[in-house]
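Notes for the structure review
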Amino acid sequence: MGLPVSWTTETGATLSVRRLAAADMQNLMTFVRGLSVSARYFRFGDGDYDPLRDSALHDCLLKPEQGVHLVAVSLQGVNEVVVGSARYVIQPDGGSCEFGIVVADSWSHHGVGHRLMTALLECAREQGLASMYGRILASNLDMLAFVAGCGFDIGNSPEGAWVKIARIGLQRTPSARHT
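Now for a quick tour of the structure. (Residues numbered from 1 in each chain as written. Predicted model: local features only at pLDDT ≥ 70, side-chain atom pairs only at ≥ 80, totals over all residues. Heavy atoms only, no water.)

Re the side chain of Ser157
- Within the element layout of this structure, Ser157 appears in strand S7 (residues 153-157).
- Engagement of the side chain of Ser157 in a polar contact is seen with the backbone nitrogen of Glu159, the distance being 2.9 Å.
- For Ser157, the residues in contact, after removing those within four places along its chain, are Val163 and Ile165. (Helix = DSSP H or I, 4+ residues; strand = E, 2+ residues; numbered from the N terminus. Polar contact = N/O pair within 3.5 Å; in protein donor to acceptor, adjacent residues only side chain to side chain. Contact = heavy atoms within 4.5 Å.)

Written out as structure tokens, the structure is:
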């Protein structure tokens, strides 16, 4: 999949999904700080999460051997505004990766998450990874429905009933050959 991927929404907004760049860090922090308490809780495990108090967002610029971080951006005048973020981190086994995804509340249910997840899955396939998984709070029913709709299998976690594991295989399906 070639990135960036751009499209126009039903409201006429122009959005793009592309790799996170160093110049995006301030916009990414603004995006995270603008998320609702529930969105921050479901993504970061802390409704009061503030990227200015935590250095974790500075670790978002991943080297290819570490994973991929994508952002969905909206063009507003000459400025880009981050409206979604998705990433995966390659696990020590070298064949699997763990994902995280979050979309701005005002852009939820407008296809942004699907575009991000499609691009994230394709990047992982291109990188030769065998599977992707995510840890999702059992109370995050919207995310569980979203990943199930994207083809993930959802199972219980050894951590307890409060978290679920969503997993998908990344092997490409061979194309039917016509003779």
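A short note on unusual backbone geometry
- Even without a glycine there, the phi angle at His109 is positive, about 70°.
- Among the residues examined, His109 registers a relative accessible area of 70% and is labelled exposed. (Buried < 20%, exposed > 50% of the residue type's maximum accessible area, 1.4 Å probe, protein only.)

Some remarks on the nonpolar core
- Grouped together as the largest cluster of nonpolar side chains are 48 residues, with contacts concentrated most on Tyr88, Phe99, Met117, Met132 and Phe152.
- Looking at this core element by element, the count peaks at 8 residues for helix H3 (residues 112-126).
- When residues no more than four places from it in sequence are discounted, the contact partners of Met117 are Phe99, Ile101, Met132, Phe146, Val147, Cys150 and Phe152. (Core = buried A, V, L, I, M, F, W, Y, C linked by side-chain atoms within 4.5 Å.)

Observations regarding the sheet that holds strand S4 (residues 79-90)
- Ordered by their spatial adjacency, 8 strands build an open sheet running S1-S2-S3-S4-S5-S6-S8-S7, and the pairing between neighbours is mixed. In this open sheet, the two strands that pair with only one neighbour each are strand S1 (5-8) and S7. Direction aside, neighbouring strands of the sheet carry axes that sit 25° apart on average.
- Against the sheet, H3 touches S1, strand S2 (14-19), strand S3 (67-76), S4, strand S5 (96-103), strand S6 (131-137) and strand S8 (160-169), its axis set at about 160° to S5.
- Sitting on the sheet, helix H4 (residues 141-149) touches S5, S6, S7 and S8, and the angle it makes with S6 is about 160°. (Pairing = 2+ DSSP bridges. Axes fitted to C-alpha atoms, helices over the stretch in contact; angles between N-to-C directions.)

None of the figures reported here should be taken as evidence of function without further support.
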